[in-house]
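Secondary and tertiary structure notes
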Amino acid sequence: SDVYKRQGINAEYMGSLGSFYRGTSITQDSRFSNKEKKMINSRAWPDIFDQSVDMSKIDMAMVKPWVSKKIEDQLGMEDEVLTNFVVSELEVKPSDGKVCPKNMTIKLTGFLEKNTLQFMTDLWSLLLEAQTCQHGLPKSFIDEKKEEIKLKREKLELQIQKLENIKKLSLIHISEPTRQAEISYAVFCLKKK
C-alpha cells in the first residue's frame, strides 16, 4: 500500500481491482469460445461423417500403410509425421469414446489443404467398412491384395517364360582375336536347340 501512496494511487481502489485481474479459465471467459465447434457447425459435411466408427474393431496395423500411401499420393512425398498424427488421432480415446471425422478434417486442413475432405471421406468409408468385416480388415483391402498377388504372379510367370527361352539357346562357338590387338573380346554364337 506504501507503493500506491508514493505513486498517488488510492490503495482501496487497487484492492477492489484485485479480483478483477485474477486469472480466469478459458471456459469462464466468453472471449475464448470453442472455435472448432463453430467451424464444425458452419460447414456442410458429407452424410458419411454422421456415422460413428467403433475403433476397437479396426486393425490399425493395416490402416496405417493405407494412410501413409494416401498422404504420399496427396502431397507427392512421404510424410511420416503427418501419418503418425492421423493414426494417433484415430487411436486416441476422446471423452465420449468416439472419433469425430469433422474435427479431424479441421485439424488436417492445414496439412492437406483442398484434399483434406476427400482424404477424410475415403478414410472414414474405409473405417466404416472395416468395422463390419471380420478381423477389422476391409474387403477392399483384401480385394486389392488379391489383385496385387495376381499381378505379381503374372510378372513371375513372364520372367520364367523368358528364362526358359534362354535355356533353349546353346553355345556353339567362341572365337577370340589374336592377342596382338589392343582389346581382346569374345564372340558368342548361339543357336536354338
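A brief report on the enclosed structure follows.

Conventions adopted
- Residues numbered from 1 in each chain as written.
- Predicted model: local features only at pLDDT ≥ 70, side-chain atom pairs only at ≥ 80, totals over all residues.
- Heavy atoms only, no water.
- Core = buried A, V, L, I, M, F, W, Y, C linked by side-chain atoms within 4.5 Å.
- Buried < 20%, exposed > 50% of the residue type's maximum accessible area, 1.4 Å probe, protein only.
- Helix = DSSP H or I, 4+ residues; strand = E, 2+ residues; numbered from the N terminus.
- Contact = heavy atoms within 4.5 Å.
- Axes fitted to C-alpha atoms, helices over the stretch in contact; angles between N-to-C directions.
- Parallel < 35°, antiparallel > 145°, perpendicular 65-115°, else oblique.
- Left-handed = near helix turned anticlockwise from the far one by under 90°.
- Nonpolar A, V, L, I, M, F, W, Y, C, P; charged D, E, K, R; others polar.
- Expected span 1.5 Å × (residues − 1).
- Phe/Tyr/Trp six-rings, centres within 6.5 Å; stacked < 30°, edge-to-face > 60°.
- Salt bridge = Lys/Arg side-chain N within 4 Å of Asp/Glu carboxyl O.

Ranked by size, the top nonpolar core spans 30 residues in total, and within it Val-86, Leu-90, Phe-119, Leu-123 and Leu-127 carry the most contacts. Considering each element in turn, this core owes the most residues, 8 residues, to helix H7 (residues 116-132). For Leu-90, the residues in contact, after removing those within four places along its chain, are Met-55, Met-60, Val-99, Met-104, Leu-123 and Leu-127.

As a further point, take the packing of helix H4 (residues 60-75) against helix H5 (residues 80-91). One way to put it is that H4 packs onto H5 with a least axis distance of 9 Å and a crossing angle of 140°. Classified by the angle between their axes, H4 and H5 sit oblique to one another. The chirality of how H4 crosses H5 is right-handed. Residues Met-60, Lys-64, Val-67, Ser-68, Ile-71 and Leu-75 of H4 form the contact with H5, whose own contacting residues are Leu-82, Thr-83, Asn-84, Val-86, Val-87, Leu-90 and Glu-91. For the contact of H4 with H5, a count of residues per class yields 8 nonpolar, 3 polar and 2 charged.

Right, let's get into H7. End to end, H7 covers 25 Å across 17 residues, agreeing with the expected 24 Å (1.5 Å per residue, within 8%). Listed in full, the buried residues belonging to H7 are Thr-116, Phe-119, Met-120, Thr-121, Leu-123, Trp-124, Leu-126, Leu-127, Leu-128, Ala-130 and Gln-131.

Counted under the stated rule, the structure contains 3 aromatic pairs. When the centroid spacing of 6.0 Å and the interplanar angle of 35° are considered together, the rings of Trp-45 and Phe-49 count as tilted. Residue class for Trp-45 comes out buried when judged on its relative accessible area of 15%. The class of Phe-49 is buried, set by a relative accessible area of 4%. Centre to centre, the rings of Phe-85 and Phe-111 are 6.0 Å apart; their planes meet at 45°, and the pair counts as tilted. With Phe-85 in helix H5 and Phe-111 in helix H6 (residues 101-112), this residue pair connects regions lying 26 residues apart in the sequence.

With that settled, the discussion passes to the pattern of salt bridges. Across all of its chains, the model carries 6 salt bridges by this definition. For Lys-152, the salt bridge is made with Glu-148, and the minimal N-O distance between the two is 3.6 Å. One end of the pair, Lys-152, and the other, Glu-148, are both in helix H8 (residues 139-167), 4 residues apart, so they sit about a helical turn from each other. A relative accessible area of 33% places Glu-148 in the partly exposed class. A network of salt bridges, in which partner residues are shared, links Lys-145, Glu-148 and Lys-152.

Another point: the packing of H5 against H6. For the pair H5 and H6, interaxial distance at closest approach is 12 Å and the crossing angle is 180°. Classified by the interaxial angle, the pair formed by H5 and H6 is roughly antiparallel. Contacts between H5 and H6 pair Leu-82, Phe-85, Val-86, Glu-89 and Leu-90 from the former with Met-104, Lys-107, Leu-108, Phe-111 and Leu-112 from the latter. The residue inventory of the contact of H5 with H6, partitioned by class, reads 8 nonpolar, no polar and 2 charged.

Let us now look at the environment of Cys-133. Checked against the element boundaries, Cys-133 lands in the loop between H7 and H8. Given a relative accessible area of 23%, Cys-133 falls into the partly exposed group. Separated by 75 residues in sequence, Cys-133 and Ile-58 place their C-alpha atoms 9.0 Å apart. Excluding anything up to four places from it in sequence, Cys-133 contacts Pro-138 and Lys-139.

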